[in-house]
Amino acid sequence: MSLRSSLKLLGALGAVTLGAASLEACHNPRERPPAREYTEPSTHPATPPELRRLRASLQALPDPVEFDQRKMVLGRRLFHDTALSVDNTLSCASCHAINQGGTDRRRTSLGVRGQVGGINSPTVLNARYHFVQFWDGRAADLRAQAAGPVANPVEMGNTWPNVVATLSRSPDYVAAFRESYPSDGLTEANVRDAIAVYEEALVTPAPLDRFLRGDDRALNDEQREGAVLFESVGCTTCHNGIAVGGTSFQRMGAVRDYFALRGTPLTPEDAGRFNVTHREADRHFFKVPTLRNVAETGPWFHDGHATTLEDAVRTMAAVQLGRDLDAAQVQRIVAFLRAMTGTIPAYAALPPST
Ligand code: HEC
Ligand code: HEC
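About the criteria used
- Each chain carries its own residue numbering, running from 1 in the written order of its sequence.
- Labels are handed out in written order, letters beginning with A for the chains and numbers beginning with 1 for the ligands.
- Per-residue local features of the predicted model are confined to residues with pLDDT of at least 70, and side-chain atom pairs are confined, for both listing and counting, to 80 or more; whole-chain, interface and lining totals are unaffected and use all residues.
- Helix numbers and strand numbers start at the N terminus; a helix is a DSSP run of H or I with at least 4 residues, a strand a run of E with at least 2.
- Counting other C-beta atoms within 10 Å of its own, a residue is labelled buried from 20 upward, exposed at 12 or fewer, and partly exposed in the gap between, with every C-beta atom placed from the backbone.
- Working definition of a contact: two residues with C-beta atoms, positioned from the backbone, lying within 7 Å.
- In this text, near has one meaning. A residue is near a molecule or strand if its C-beta atom, placed using the backbone, is within 6 Å of it.
- When residues are grouped by polarity, Ala, Val, Leu, Ile, Met, Phe, Trp, Tyr, Cys and Pro land in nonpolar, Asp, Glu, Lys and Arg in charged, and all others, Gly among them, in polar.
- Axis definition: a line fit to C-alpha positions, over the contact stretch in the case of helices; interaxial angles, taken between N-to-C directions, run 0 to 180 degrees.
- Roughly parallel covers angles under 35 degrees, roughly antiparallel covers those over 145, roughly perpendicular covers 65 to 115, and oblique covers all other angles.
- Definitions for this section: a left-handed crossing has its near helix turned counterclockwise from the far helix by less than a right angle. A right-handed crossing has that turn clockwise.
- Joining buried Ala, Val, Leu, Ile, Met, Phe, Trp, Tyr and Cys residues through C-beta atoms within 7 Å gives a set, and that set is a nonpolar core.
- Just so you know, the domain bounds were taken from an automatic or database domain assignment.

A.B. asks: Describe in detail the overall build of the chain, supporting the description with residues and values.
C.D. replies: If you tally the helices and strands in the chain, you get 15 helices and two strands. Taking all 354 residues of the chain together, 43% fall into the buried category. Long-range pairs, those at least 24 residues apart, make up 71% of the contacts in the chain with a sequence separation of at least 6.

This is the structure we're talking about:
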C-alpha cells in the first residue's frame, strides 16, 4: 500500500470515530432497547474477540424509527409518481424499487426515452445514514440529493418549475402539501423534503442488528464464521458504522489496480470523487456503499461489473486488502452479508388504492 493510501485509510478511521460519535448523539437513547449480553456460555462458546471488535465498529439501527406520518405518506406517493419525469414514464421507484432492495437491478440505470446511464443505481434503503449522497458524494444529504434525478437529462429529464406546475394541477397534492407545510404549501423544497422524510423511514432492521445488540444466536454458525473473517481480514476498515458503509470516501483499488483487473476502458464515472473536487488525489475514490441489504442490490460496484455477490467479495478482498480469499472463505463472508438483509417496513410500499 502506498503512503498516500495508508494515510487515506488512517484519515478515514479518524472520520469514522467522529461519525459514530455524532450519530450516537443524535439518536434518542430511549429509542433503543438496552443491549442484551448473551448469557448461556454452556451452550455457546464465548464470543471471540473478532466479534467483540465487530460489535464496536458497527452499530444497530434504531428500532422503531420516528418520522412525521403525513409527510411520509406524501413523500411515498411522490417517490412512486411518474409525474416527476418529463414524459411521465419514470418515478424514483423505477430505479429504486423498494421490493428490489431499493435498486433497479441493472448494471447501469435506464433514464427517460430509454437512455442508458453511466452508473449503477445504489439502494435508497438506509440511505439516510450515508455521510453524503451519490457515489461521488456530490449531494450533502437526501434533501439536496432529490434535486438531482428530476433535472438529470439521462434520468427524469424534467425541470423543477415544471414539476411544481404539474403537481399543482392535482387538488389532492395541493391539499396534502397545505396540510403538511402550512406556511408555503407545494414548493420545490417541500417536494424534496417530503421525499426525504419517506426515504428516512426506509430503515430495515436485520438479523445483524439482533447480533449487534448482543444476541450471538441471531447469526448461524456459517454467518458467525463469516463475521469473524469480515472483521479479521479488514472489511470494517471501510465498511463500518450504522450502515456498514457510508462513512468515508475510499479508493476503488486501494491496494491493487481494480480498473486494470476489470479490463474495460475507463468511463467518466470511474473518476469518482475526482469529478467533484478535480483533485488528482481523489481519482477513483467513491463513497463506501452500505452493505445493508447488499444481497438484494446486485449487480455490484459503481459500474455494476460484479454479477455475483461472491465475485464482489473476492474482488474487494483482492483490490482493497491484497488478500486472495478461497471459495470457502468467500462463501462464509457472503453468508454473513446475507444477515444484513433486513425487513422492509410494511408502510414502505405504496398502498394499491393510490
Ligand atoms: C433513471 C434512474 C433513476 C431515477 C429515476 C432516480 N434515480 Fe436515484 N439514483 C440513480 C443512480 C444511477 C444513482 C447513482 C448516481 C450517482 O451516484 O452518480 C442514484 C442515486 C440516488 C441516491 C443516493 C444513494 C447513495 O447511496 O448515495 C438517492 C438517495 C436516490 N438516488 C434517490 C432518488 C430519488 C428520491 C429519486 C426521485 C426523485 C430518484 N433517485 C430517481 C438512478 C435513478
Ligand atoms: C479500502 C476500503 C474498503 C475495504 C477494506 C473494503 N471495501 Fe468494500 N467497498 C469499498 C468501496 C469504495 C466500494 C465501492 C467501489 C465501487 O463501486 O467502485 C466497496 C464496495 C463493496 C461491495 C459492493 C456494494 C455495492 O452496493 O455495490 C461489497 C459487497 C463490498 N464492498 C464488500 C466488502 C468486503 C466483504 C470487504 C472485505 C473483504 C470489503 N468490502 C473491504 C471500500 C472498501
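That shown, we press on.
A.B. asks: Which residues make up the site of ligand 2, and what are the values?
C.D. replies: In the vicinity of ligand 2 there are 26 residues, among which Cys235, Cys238, Trp300, Phe301 and Met316 approach most closely. Among the secondary structure elements, those contributing two or more residues to the shell around ligand 2 are α11 (221–233) and α14 (309–321). The biggest single contributor to the shell around ligand 2 is α14, with six residues. Across the shell around ligand 2, the residue classes break down as 19 nonpolar, seven polar and no charged.

A.B. asks: Can you explain the packing of α14 against helix α15 (residues 327–338)? Please cite residues and give values.
C.D. replies: At a minimum axis separation of 9 Å, α14 and α15 run at an interaxial angle of 115°. Overall, the two elements α14 and α15 adopt an arrangement that is roughly perpendicular. Here the hand of the crossing between α14 and α15 comes out right-handed. Of the residues in α15, those touching α14 at Leu309, Glu310, Val313 and Arg314 are Val330, Ile333, Val334 and Leu337.

A.B. asks: An account of the nonpolar core is needed here, citing residue identities and associated values.
C.D. replies: Counting residues in hydrophobic clusters, the biggest one holds 74 residues, and the most contacted among them are Ile195, Val313, Ile333, Leu337 and Met340. Of the domains in this structure, domain 1 (3–64 + 204–338) and domain 2 (69–202) are the two that each give at least three residues to this core. Not counting chain neighbours up to four residues away, the residues in contact with Leu337 comprise Leu291, Val294, Ala295 and Leu309.

A.B. asks: Lay out the site of ligand 1 with the relevant residues and their values.
C.D. replies: Around ligand 1, the structure places 28 residues, and the nearest of them are Cys92, Cys95, Pro122, Phe134 and Pro149. For the shell around ligand 1, the secondary structure elements donating two or more residues are α4 (92–95), α5 (142–145), α6 (147–151) and α9 (188–200). Top contributing element to the shell around ligand 1 by residue count: α4, with three residues. In terms of residue class, the shell around ligand 1 is built from 17 nonpolar, nine polar and two charged.

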